[in-house]
Amino acid sequence: ALLVLENFIGGKFVPCSSYIDSYNPSTGDVYCRVPDSGKEEVEAAVKAAKDAFPIWSSKSPLERSQILNKLADLIEHDLEAFAQAESKDQGKTITFARTIDIPRAVYNFRFFASSILHHVTECTEMATMGCVHYTSRAPVGVAGLISPWNLPLYLLTWKIAPAIACGNTVVAKPSEMTSVTAWMMCKLLEKAGVPHGVVNIVFGTGGKAGEALVCHPDVPLISFTGSTLTAQRITEKSAPHCKRLSLELGGKNPAIIFDDADLSQCIPTTLRSSFANQGEICLCTSRIFVQRGIYSEFLKRFVAEARKWKTGNPSDPTVDVGALISKEHLEKVRNYVKKARAEGARVLCGEGVDSLSLPPGNQKGYFMLPTVIAEVKDESCCMQEEIFGPVTCVVAFDTEEEVIKRANGVKYGLAATVWSGNVGRVHRVAHRLQSGLVWTNCWLVRDLNLPFGGMKASGVGREGAKDSYEFFTEIKTITIKH
Ligand code: NAD
């Protein structure tokens, strides 16, 4: 029997009048039906969120914190079930879901449960006027949260946790391709003590449900993670209402590898940064610049190691690369490799070079081998556009000055890695890269206290302890004369 999801509105599961098919990417079968919500469902969810706002916003931070912690405990208790569901729904490996996605979803709630207790506001004194000024922060109202399919529960909770910790109520719309874990979480809300209407989830497509949320006059802020193209549409649609927007978008992230890099660290980490989660992470490396002196050695070792990554059934714990999200996405990613080949680039391993053998049950799944492309021109679409799959390009460079310019030569600016044993150089390069995040001699080491987000076409705004608090609250300056 197919799994049938329902919207979660005002603390109740509510059926929808029409549904969309959701596929298991590792088999190609429809296994789940997701509500195809529209204006009506969004209207009901916004109303429930508005009704819940006065009570929730007047709770103390400590009361909200305790509820968030309880919710974290409940998700953690069901970690294995959540991980299995995420892997089946998204195509990611069970290992990735178990060790990254779900633990991080749990941590998102714990982190904001703690961080909400530690904010202080500002105060200044104007003695000559007999005045003190101070600021106060209050929740904004109903927050609209829209999340993508690559890290479904991880990114959804990264928005829900700060939004409700600050005292807002929310209407969230997960990606129509990966809705299951959000629906599972709804079942835990009441037990955690989240009052009805504080968290509402409407499932459906971006064009229908997402847009209804973006256009709703009673939703003053939208936190969106997804593609740059969708963000442009959201910006246009929300403009008449002057909404507050936080936009976390795509990337075309460079790795810059100098000839004094420790390749024994750099190679395994750059493999992960290129291929983790099938390359479907906004922070994934897709342009690798290697200094000429070590270019051939790097390439040889990198390709040999990439070939060791096992692609196959995501529920097999020994598998490193699962299925891509959809048939259409797989086609799109494959087309980039085709274009690179047509332009004269060399495909060194993976797509079209090595053969992929899959278990009988996965023959119709959306799989692709980790693919390394060399000798790609900087202006090629493979070096300019976000591919969002297990494909990475490797090119040579000579000087620091040159590589900074080339690394910055794309419209995106989300994340970069720099590999060098020279501390002066890593600081210098990090300062000059147009990138919201720069990791040197590592990748994806995050302190959630610090700002996360992109420059240029990679986003507007930042998320993190202080940044999310500022986004999800409205500040007021109050002056008292005595
Ligand atoms: P997408 O933009 O297609 O969809 C994201 C969400 O927006 C989905 O829930 C979708 O239904 C919804 N949506 C689509 N059209 C809409 C509209 N007109 N109005 C309102 N909502 C709409 O992105 P995707 O394909 O799901 O995700 C992949 C993209 O997300 C990549 O570009 C990736 O880099 C980016 N991403 C960025 C970050 C980050 O933190 N910067 C993190 C993960 C993913």
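Given the structure is predicted, the values throughout are model-derived calculations rather than measurements. (Residues numbered from 1 in each chain as written. Predicted model: local features only at pLDDT ≥ 70, side-chain atom pairs only at ≥ 80, totals over all residues. Heavy atoms only, no water.)

Brief notes about helix α7 (residues 206-215)
Then, number 1: Within α7, burial applies to Ala 209, Gly 210, Glu 211, Ala 212, Leu 213 and Val 214.
Then, number 2: Against the buried residues of α7 lie α1 (39-57), β8 (142-146), β9 (169-173), β11 (221-225) and α8 (228-238).
Then, number 3: Of the residues flanking the start of α7, the one acting as N-cap is Thr 205, its side-chain oxygen 3.2 Å from the backbone nitrogen of Lys 208. (Buried < 20%, exposed > 50% of the residue type's maximum accessible area, 1.4 Å probe, protein only. Helix = DSSP H or I, 4+ residues; strand = E, 2+ residues; numbered from the N terminus. Contact = heavy atoms within 4.5 Å. Polar contact = N/O pair within 3.5 Å; in protein donor to acceptor, adjacent residues only side chain to side chain.)

Describing the packing of α1 against α7
Then, number 1: One way to put it is that α1 packs onto α7 with a least axis distance of 8 Å and a crossing angle of 45°. The orientation of α1 with respect to α7, classified from their angle, is oblique. Our pair here, α1 against α7, has a crossing hand that is right-handed. In this structure, α1 contributes Lys 39, Val 42 and Val 46 to the contact, and α7 contributes Ala 209, Ala 212 and Leu 213.
Then, number 2: Of the residues contributing to the contact of α1 with α7, the split by class is five nonpolar, no polar and one charged. (Axes fitted to C-alpha atoms, helices over the stretch in contact; angles between N-to-C directions. Parallel < 35°, antiparallel > 145°, perpendicular 65-115°, else oblique. Left-handed = near helix turned anticlockwise from the far one by under 90°. Nonpolar A, V, L, I, M, F, W, Y, C, P; charged D, E, K, R; others polar.)

Quick look at the UniProt feature "domain: Aldehyde dehydrogenase" (unreviewed entry) in the chain
Then, number 1: In the numbering adopted here, UniProt assigns the feature "domain: Aldehyde dehydrogenase" (unreviewed entry) to residues 18-478.
Then, number 2: Helix makes up 41% of residues 18-478 and strand 21%, whereas the separation of the span's terminal C-alpha atoms amounts to 49 Å. (UniProt positions renumbered as here; feature names shortened; annotations may be inferred.)

Brief notes about the nonpolar core
Then, number 1: Counting residues in hydrophobic clusters, the biggest one holds 75 residues, and the most contacted among them are Ile 75, Phe 109, Ile 160, Val 199, Ile 201 and Leu 283.
Then, number 2: Built from parts of two domains, this core gets at least three residues from each of domain 1 (3-249 + 458-481) and domain 2 (254-440).
Then, number 3: Judged by nonpolar contacts, the second largest core, of 31 residues, contains Phe 258, Val 333, Ala 345 and Ile 387. (Core = buried A, V, L, I, M, F, W, Y, C linked by side-chain atoms within 4.5 Å. Domains from an automatic or database assignment.)

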